[in-house]
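Descriptive analysis of the structure
Next come the chains, spelled out residue by residue.
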Amino acid sequence: MSRHTILTAGPFGPADVELSAMPGDESGPRKDARKDPRTTGVSLFKTRQPAAQPAVTLDLVTGREIFGAPLPAIFANPARVWESLGTVTLAADAVGNTLFPEVSDHPAAVAFDILRTRLLRGLAEKGWKRIAVTSPTHGCGKSFVATNLALSLARRPASRTVLIDLDLRRPEIAKVLGIHEDRALGEFLSGEQPLEGVFRRYGRTLALGLNGEPIEKASETLHDPDTVSALAAMVEQLDPEVVIYDLPPALVNDDVLALGPCIDAVLLVTDGTKTSPAEINACEKLFEGRIPLLGVVLNRAQDFNAGRYRYAKK
């Protein structure tokens, strides 16, 4: 797979992040202020005109309704949806140490800002917005990278970034952020809960889809058409510039490929202390012809020439 270097870190202290290999290559209702400000939906029919009730046909296998014609769209106002999300705060002891939500001259924060700029450039060239962050195996720091990349993206004024924990087997994002609220992302993916019932907001520019517990049949959940529909509705309702999905390791199960229809490109996080070239090559072959590989982040990498170590969350 053709690739070229996207970033080489500068003179960092005891730790930093090294990045490489960038290839050349609103569905909820909204209020109508002109009518009753308490209105929670938009009428699809004229005044006093009864709503026609379409005949309901059930699929004999799944039990789901089969519609003979597409349902009319109900448009959402993304700004209203963002305002409807409950807010969260980050763990105070993590901010400035392992989390960088504010502008900082810390070497790791600078590295994430450079990754942000290169990422945005690559997305703009292709018209992409949905990025999966994964790794070859467990323990490479993908959730740490996904979280800080999202925080860096969210520092841009008037931007909209969404970070979703789709590592349904081992959810980590809430732990990285130091948020202890119990959230059941599976209820949103299945359609049992609306977006505002599960998603939370940090500041005004970062929406978080957190998960507090592992989900059984994780791969099957990601294959489910309900999940595809829920994620598509999320993109429509929130209208983000960038969506970051934190996904399980690519070589451990098929979850990344299962979510393929919802992904524009993959960012691969590797561990400089244990990831082998063979594992990176295996990931490249796995994605080739399926999902574009946007770049590779080398985490916990030792720079032997300068005698220093790259930044990583322990």
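Please read these numbers as outputs of a predicted model, since none were measured by experiment.

Another point: the overall build of the chain. Secondary structure assignment for the chain yields 10 helices and 13 strands. In the chain, which comprises 314 residues, the share counted as buried stands at 48%. For the chain, the exposed surface amounts to about 15800 Å²; the carbon and sulfur share of it is 53%.

With that settled, the discussion passes to the pairing of strand E6 (residues 161–165). Most of E6 sits out of view: 5 of its 5 residues are buried. Here E6 shows a buried face lined by Thr-161, Leu-163 and Asp-165 and a second buried face lined by Val-162 and Ile-164. Two strands pair when backbone bridges link them, and E6 and strand E8 (residues 206–209) are joined in this way by 4 bridges, in the parallel orientation. Counted as the bridge partner of Leu-163 is Leu-208 from E8. Relative to strand E9 (residues 242–246), E6 is paired through 5 bridges, and the arrangement is parallel. Bridge pairing in E9 links Thr-161 to Val-242.

Axis separation between helix H2 (residues 107–126) and helix H3 (residues 142–154) bottoms out at 9 Å; the angle between their running directions is 75°. Classified by the angle between their axes, H2 and H3 sit roughly perpendicular to one another. Between H2, through Phe-112, Asp-113, Leu-115, Arg-116, Leu-119 and Leu-120, and H3, the contact on the second element is made entirely by Phe-144, Val-145, Asn-148, Leu-149, Ser-152 and Leu-153. Broken down by class, the residue content of the contact of H2 with H3 amounts to 8 nonpolar, 2 polar and 2 charged.

Overall, the coordinates contain 2 aromatic pairs when judged by the stated rule. Taken together, a centroid distance of 5.7 Å and an interplanar angle of 75° make the contact between Phe-112 and Phe-144 edge-to-face. Taken together, the residues Phe-112 in helix H2 and Phe-144 in helix H3 connect sequence positions 32 residues apart. For Phe-112, a relative accessible area of 2% translates into the label buried. Geometrically, the ring pair formed by Phe-188 and Phe-199 is edge-to-face, given 5.1 Å between the ring centres and 75° between the ring planes.

This next bit is on the pattern of salt bridges. Under the defined criterion, the tally for this structure stands at 10 salt bridges. We note a salt bridge from Arg-204 to Glu-83, for which the minimum N-O separation is 2.4 Å. Highlighted residues: Arg-204 in the loop between strand E7 (200–202) and E8 and Glu-83 in helix H1 (residues 78–84), separated in sequence by 121 residues. On the accessibility criterion, Glu-83 (44% relative accessible area) is partly exposed. One salt bridge connects Lys-175 with Glu-172, and the closest N-O pair in it is separated by 3.8 Å. Using a relative accessible area of 61% as the deciding quantity, one classes Lys-175 as exposed. Via salt bridges that share partners, Asp-113, Arg-116 and Arg-155 belong to a single interconnected network.

Moving on, we get to the environment of Ala-150. Inspection of the secondary structure puts Ala-150 in helix H3. A relative accessible area of 0% places Ala-150 in the buried class. Spatially, the C-alpha atom of Ala-150 lies 9.0 Å from that of Pro-101, the residues being 49 residues apart in sequence. Apart from the residues lying within four places of it in its own chain, the contact partners of Ala-150 are Thr-161, Leu-163, Leu-206 and Ile-244.

Calculation notes
Residue indices begin from 1 for each chain and proceed along its sequence in written order. In view of the model being predicted, local features appear only for residues whose pLDDT reaches at least 70, and side-chain atom pairs are presented and counted only at 80 or more, with totals across whole chains, interfaces and linings using the full set of residues. Neither water nor hydrogens contribute to the side-chain values; these are computed over all heavy atoms in the structure. Runs of H or I in DSSP of at least four residues are treated as helices and runs of E of at least two as strands, each being numbered from the N terminus. Working definition: with a 1.4 Å probe on protein chains only, accessible area under 20% of the residue-type maximum means buried, over 50% means exposed, and in between means partly exposed. All accessible-area figures derive from a Shrake-Rupley calculation using a 1.4 Å probe, and residue coverage is judged against the displayed protein chains alone. DSSP bridges decide pairing: two strands pair if at least two such bridges lie between them. Axis definition: a line fitted to C-alpha atoms, over the contacting stretch in the case of helices. Angles run 0 to 180 degrees between N-to-C directions. Roughly parallel refers to an angle under 35 degrees, roughly antiparallel to one over 145, roughly perpendicular to one between 65 and 115, and oblique to any angle outside these ranges. Residue contacts are counted whenever heavy atoms from the two residues lie within 4.5 Å of one another. The nonpolar class holds Ala, Val, Leu, Ile, Met, Phe, Trp, Tyr, Cys and Pro. Asp, Glu, Lys and Arg form the charged class, and all remaining residues, Gly among them, are polar. Aromatic rings from Phe, Tyr and Trp, taking only the six-membered ring of Trp, are treated as a pair when their centres fall within 6.5 Å; an angle between ring planes under 30 degrees marks them as stacked, one over 60 as edge-to-face, and anything in between as tilted. In what follows, salt bridge is the name for a side-chain nitrogen of Lys or Arg lying within 4 Å of a carboxyl oxygen of Asp or Glu.

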